[in-house]
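Now for the letters of each chain:
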Amino acid sequence: MVRKTDINDGLVRFAWWTLAIIVFGLVLAIRIRLLGIPLERDEGEYAYAGQLILQGIPPYKLAYNMKFPGTYAAYGLIMSIFGQTIHAIHFGLLLVNVATIALVFLVGRRLINTVAGVTAAASYAVLSVSPSVLGLAAHATNFVVLPVLGGILLLLKEQRVTGSGPSQTKEVVRLFASGLLFGIGVLMKQPGLLFLPFGVIYIVWNDLNRRLSLNTMLLRSLIFVAGAAVPLGLTLLILWRADVLDTFWFWTMNYARQYGSLVPISQAPRIFLRSANEVVGTGWPVWLLAGIGALTGLWDQRLRASTLLLIGFLFFSALAVCPGFFFRTHYFILVLPAVSLLAGAAVSKLTEVLGNRLIVLKLVPLFLFALALSVPVLLDKKIFFEVSPNQACGLIYPQNPFLESVRIGTYLREHSEPNDTIAVLGSEPEIYFYSHRHSTTGYIYTYG
């Protein structure tokens, strides 16, 4: 005979999954509706570089900039599958976002439980689509968090085995594969490098708890670091073979170092507070839940280890936002997985506290969480539901000619020959992409 408690628990689980489906469906619908939003400046750079790659032209040969080439390659892959259009690029972003949401769920479930995984995934889905972090644009930060989360999940799945044989071999493979994914994150954009210490620290911490020998701990850390070095090593080899290694080194090392020192440290707090206020302002209920999750997790002995891990993840995610002290709002995408997971921990704890109560009380965490997610959605409802993609572009980037660049690029393509080159007196590399014309100069930006 089925007990009433079992029926109630089943209804609560059904309610949670129903909310998750509604949230994911809503975010998916928003992204699909706005697939045609014109490319912004950074997207234009990535799209033009990806377009050149598809033409057999390596990065840093006809277009210069200080970013590592991983995102260029990612754009090239997306466009090789779906086409060289705005819709194709944003559909690629949609797929990356869906995969990231799935990984947030898996990490949350692995660390805490299914409720934490579901709420963390839903939180990330809503926060990552927000215009406050330019979530409708395929920025490099989206391509950083995906492999990093994959690497973290592999670390969490390590078998707690110290013997020899197949189990130990599987651990070595998993460590190397995790490092490989962290390395791909670095290749997408240099700030991804700051996630590597987090991975090493977690491995050492885990090994100390397992009472492994110092030599074994060192070897395991080296395996992880070796995996992380592979993507960059292969990239350097490819660029050397393409005869652009010197140019790559100048732009991504020498120039990047100078560019990163433009903002005095005295101005950093003001810039950070301005950007953080914009980012947190729309999704503040979820950020509040994250704070509660951190505090309650530290207080709860059972959750303390997982909470410390998430706080460490948040710390290194925040460090990845800091290089150069520019604190542009899309940089904060790097911290959203950690924030979402801590929010999931808070909701999970509240669910646990009310677990033996009446079904009405059991549903309180669900209603509170639904209310928290509704705030950022409602604050941006005009962009999400009311205006066209072109109008949304104007609302998000009111002082930038991104919509006009589409028409300019189309005009140039129709009034020039395929072998003609053009020069943009400004910083709008998306025009090269739209026009399918090469730049006369490799300097695709005119600032900095």
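Residues numbered from 1 in each chain as written. Predicted model: local features only at pLDDT ≥ 70, side-chain atom pairs only at ≥ 80, totals over all residues. Heavy atoms only, no water.

(A) Representation of the overall build of the chain within the structure. Summing up its helical and strand segments, the chain has 20 helices and two strands in all. On C-alpha atoms alone, the chain measures out to a radius of gyration of 23 Å, which is about the 22 Å that the 2.2 N^0.38 rule sets for 448 residues. Overall, the C-alpha framework of the chain stretches about 75 × 60 × 50 Å when taken along its three principal axes. Counting every position in the chain, which comprises 448 residues, the buried fraction comes to 53%. When contacts within the chain are restricted to residue pairs at least 6 apart in sequence, long-range pairs at least 24 apart make up 75% of them. Only carbon and sulfur atoms are counted for the fraction: they give 67% of the accessible area of the chain, which is about 20,600 Å². (Helix = DSSP H or I, 4+ residues; strand = E, 2+ residues; numbered from the N terminus. Rg over C-alpha atoms; globule rule 2.2 N^0.38 Å. Buried < 20%, exposed > 50% of the residue type's maximum accessible area, 1.4 Å probe, protein only. Contact = heavy atoms within 4.5 Å. Areas by Shrake-Rupley, 256 points an atom, 1.4 Å probe, with all protein chains shown as cover.)

(B) Local environment of the packing of helix α12 (residues 284-299) against helix α14 (residues 336-353). Across the interface, α12 lies against α14 with an axial gap of 7 Å and an inter-helix angle of 65°. As for how α12 packs across α14, the hand of that crossing is left-handed. Here α12 contributes V286, W287, L289, A290, I292, G293, A294, T296 and W299 to the contact with α14, which in turn contributes L336, V339, L342, A343, A346, V347 and K349. Residues belonging to the contact of α12 with α14 are distributed by class as follows: 13 nonpolar, two polar and one charged. (Axes fitted to C-alpha atoms, helices over the stretch in contact; angles between N-to-C directions. Left-handed = near helix turned anticlockwise from the far one by under 90°. Nonpolar A, V, L, I, M, F, W, Y, C, P; charged D, E, K, R; others polar.)

(C) Fine view of helix α8 (residues 196-209). Compared with an ideal rise of 1.5 Å per residue, which puts 14 residues at 20 Å, α8 spans 20 Å between its outermost C-alpha atoms and is within 8% of the ideal. Along α8, the positions that sit buried rather than exposed are L196, F198, G199, Y202, I203, N206 and D207. For α8, the angular spread of the buried residues around the axis is 165°, confining them to a single face. (Expected span 1.5 Å × (residues − 1). Arc of directions from axis to C-beta.)

(D) A look at the side chain of T252. Within the fold, T252 resides in helix α10 (residues 245-259). Polar side-chain contacts of T252 include one of 2.6 Å to the backbone oxygen of F248. Filtering out sequence-adjacent residues up to four positions away, T252 remains in contact with Y60, N65, M66, K67, F68 and Q190. (Polar contact = N/O pair within 3.5 Å; in protein donor to acceptor, adjacent residues only side chain to side chain.)

(E) Just a nonpolar patch on the surface, in detail. Residues L77, I81, F82, F91 and L95 make up a contiguous nonpolar surface patch of roughly 450 Å² in combined accessible area. For F82, the position within the fold is in helix α3 (residues 70-82). (Patch = residues over 30% accessible without salt bridge, like charges linked within 9 Å, V, L, I, M, F, W, Y side chains within 5 Å. Salt bridge = Lys/Arg side-chain N within 4 Å of Asp/Glu carboxyl O.)

(F) Spotlight on unusual backbone geometry. Positive phi outside glycine occurs at Y60, with the angle close to 75°. On the basis of relative accessibility, which here comes to 2%, the residue Y60 falls in the buried class. Phi is positive for L134, close to 55°, though the residue is something other than glycine. With respect to the helices, strands and loops of the structure, L134 is situated in the loop between α5 (114-128) and α6 (140-156). Taking relative accessible area as the criterion, L134 reaches 14% and is therefore assigned buried.

(G) Quick look at the environment of P418. Within the fold, P418 resides in the loop between α19 (402-414) and β1 (421-422). Between the C-alpha atoms of P418 and I223, which are 195 residues apart in sequence, the distance is 48 Å.

(H) Broad picture of the pattern of salt bridges. According to the stated counting rule, one finds eight salt bridges in the structure shown. For R220, the salt bridge identified is with E171, shortest N-O distance 3.2 Å. Here R220 is found in helix α9 (residues 214-241), whereas its partner E171 is found in helix α7 (residues 166-188), with 49 residues between them in sequence. Overall, R220 belongs to the buried group, its relative accessible area being 7%. On the basis of relative accessibility, which here comes to 3%, the residue E171 falls in the buried class. One salt bridge in this structure joins E352 and R302, with 2.3 Å as the shortest N-O distance. One end of the pair, E352, is in helix α14; the other, R302, is in helix α13 (residues 301-321), with 50 residues separating them in the sequence.

(I) α13, seen in detail. Taking 1.5 Å as the rise per residue, α13 with 21 residues should run 30 Å; its terminal C-alpha atoms sit 31 Å apart, in good agreement. Maximum bend of α13: about 25°, positioned at T307. Taken as a whole, α13 has its buried residues at L303, S306, T307, L309, L310, G312, F313, F316, S317, A320 and V321. Buried residues in α13 make contact with α4 (86-111), α6, α8, α12 and α14. Measuring from the backbone nitrogen of R302 back to the side-chain oxygen at the start of α13 gives 2.8 Å, which picks out D300 as the cap. (Bend = angle between axes of the 7 residues up to and from the residue.)

(J) Region of the structure containing the packing of α12 against α13. Orientation of α12 relative to α13, taken along the N-to-C sense of each, is 135°, at an axis distance of 6 Å. By the angle between their axes, α12 is oblique relative to α13. Once α12 is placed against α13, the crossing between them reads as left-handed. On the side of α12, the interface is formed by G293, A294, G297, L298 and W299, while α13 contributes Q301, L303, R304, T307, L308 and I311. Class assignment of the residues belonging to the contact of α12 with α13 gives a composition of six nonpolar, four polar and one charged. (Parallel < 35°, antiparallel > 145°, perpendicular 65-115°, else oblique.)

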